[in-house]
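Read off the chains here:
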Amino acid sequence: MPARDEALAVSLAIVTALMVTVLALLVGALAGSQASSRASGQAASEPACSEWTNGCIVCARTAQGFACSTPGIACIPKTPHCLKP
């Protein structure tokens, strides 16, 4: 029976690790969509600016739309400002 208990423990550990990974990916996707909406808000307020930052992400206008970097884990956004007019 000990082998069966060990197999169960390993299976539970794998399932837990997969669930944590999926949750992290979902949180990352949500943060990316929020960054994109903040980027479009900044772009609307300064239409002449081609690249801007809030200290956490850097966004730029591209031919395909807005392109933003990924925010850091413990970043506290500041007031957005233009980097390249």
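Small disclaimer: the values here were computed from a predicted structure and weren't measured.

Draft legend 1. Quick look at the packing of aromatic side chains. The full count for this structure, using the stated rule, is one aromatic pair. With 5.9 Å between their ring centres and 80° between their planes, Trp52 and Phe66 make a pair best called edge-to-face. Linking Trp52 in strand E1 (residues 51-53) with Phe66 in strand E3 (residues 65-68), this pair joins segments that are 14 residues apart in sequence. Residue Trp52 is classed as buried on the basis of its relative accessible area of 3%. Owing to a relative accessible area of 38%, Phe66 belongs among the partly exposed residues under this scheme.

Draft legend 2. Geometry of the sheet that holds E3. Strand order in this open sheet of four strands is E3-E2-E1-E4, and the pairing throughout is antiparallel. Looking at which strands have only one partner, the edges of the open sheet turn out to be E3 and strand E4 (81-84). On average, adjacent strands in this sheet sit at an angle of 30° to one another, irrespective of strand direction. In the sheet, E1 pairs with E4 via three bridges, with the strands oriented antiparallel.

Draft legend 3. Broad picture of the state of the cysteines. Enumeration over the complete set of coordinates arrives at three disulfides. Put simply, Cys56 and Cys75 are joined by a disulfide, and their sulfur atoms are 1.6 Å apart. Handedness here is read from the sign of the S-S torsion; for Cys56 and Cys75, about -95°, the answer is left-handed. Here Cys75 lies in the loop between E3 and E4 and Cys56 lies in the loop between E1 and strand E2 (58-62), a separation of 19 residues in the sequence. Judged by its relative accessible area of 14%, Cys56 falls in the buried class. Judged by relative accessible area, Cys75 falls into the partly exposed class, the value being 28%. Two residues, Cys59 and Cys68, share a disulfide whose sulfurs are 2.1 Å apart. The sign of the 115° torsion about the S-S bond sets the Cys59-Cys68 disulfide as right-handed.

Draft legend 4. Structural context of a nonpolar patch on the surface. On the surface, Val10, Ile14 and Leu18 cluster together into a nonpolar patch covering about 290 Å² of accessible area. On the secondary structure map, Ile14 appears in helix H1 (residues 2-45). Ile14 sits in the partly exposed class, given a relative accessible area of 47%.

Draft legend 5. Geometry of the confidence of the model for the chain. On average, residues of the chain score 79 in pLDDT, and 78% of them are at 70 or above. Within the chain, the element-level pLDDT minimum falls on H1, averaging 74, and the maximum on E1, averaging 89.

The rules behind each value
Residues numbered from 1 in each chain as written. Predicted model: local features only at pLDDT ≥ 70, side-chain atom pairs only at ≥ 80, totals over all residues. Heavy atoms only, no water. Phe/Tyr/Trp six-rings, centres within 6.5 Å; stacked < 30°, edge-to-face > 60°. Helix = DSSP H or I, 4+ residues; strand = E, 2+ residues; numbered from the N terminus. Buried < 20%, exposed > 50% of the residue type's maximum accessible area, 1.4 Å probe, protein only. Pairing = 2+ DSSP bridges. Axes fitted to C-alpha atoms, helices over the stretch in contact; angles between N-to-C directions. Disulfide = S-S within 2.5 Å. Patch = residues over 30% accessible without salt bridge, like charges linked within 9 Å, V, L, I, M, F, W, Y side chains within 5 Å. Areas by Shrake-Rupley, 256 points an atom, 1.4 Å probe, with all protein chains shown as cover. Salt bridge = Lys/Arg side-chain N within 4 Å of Asp/Glu carboxyl O. pLDDT = per-residue confidence, 0-100.

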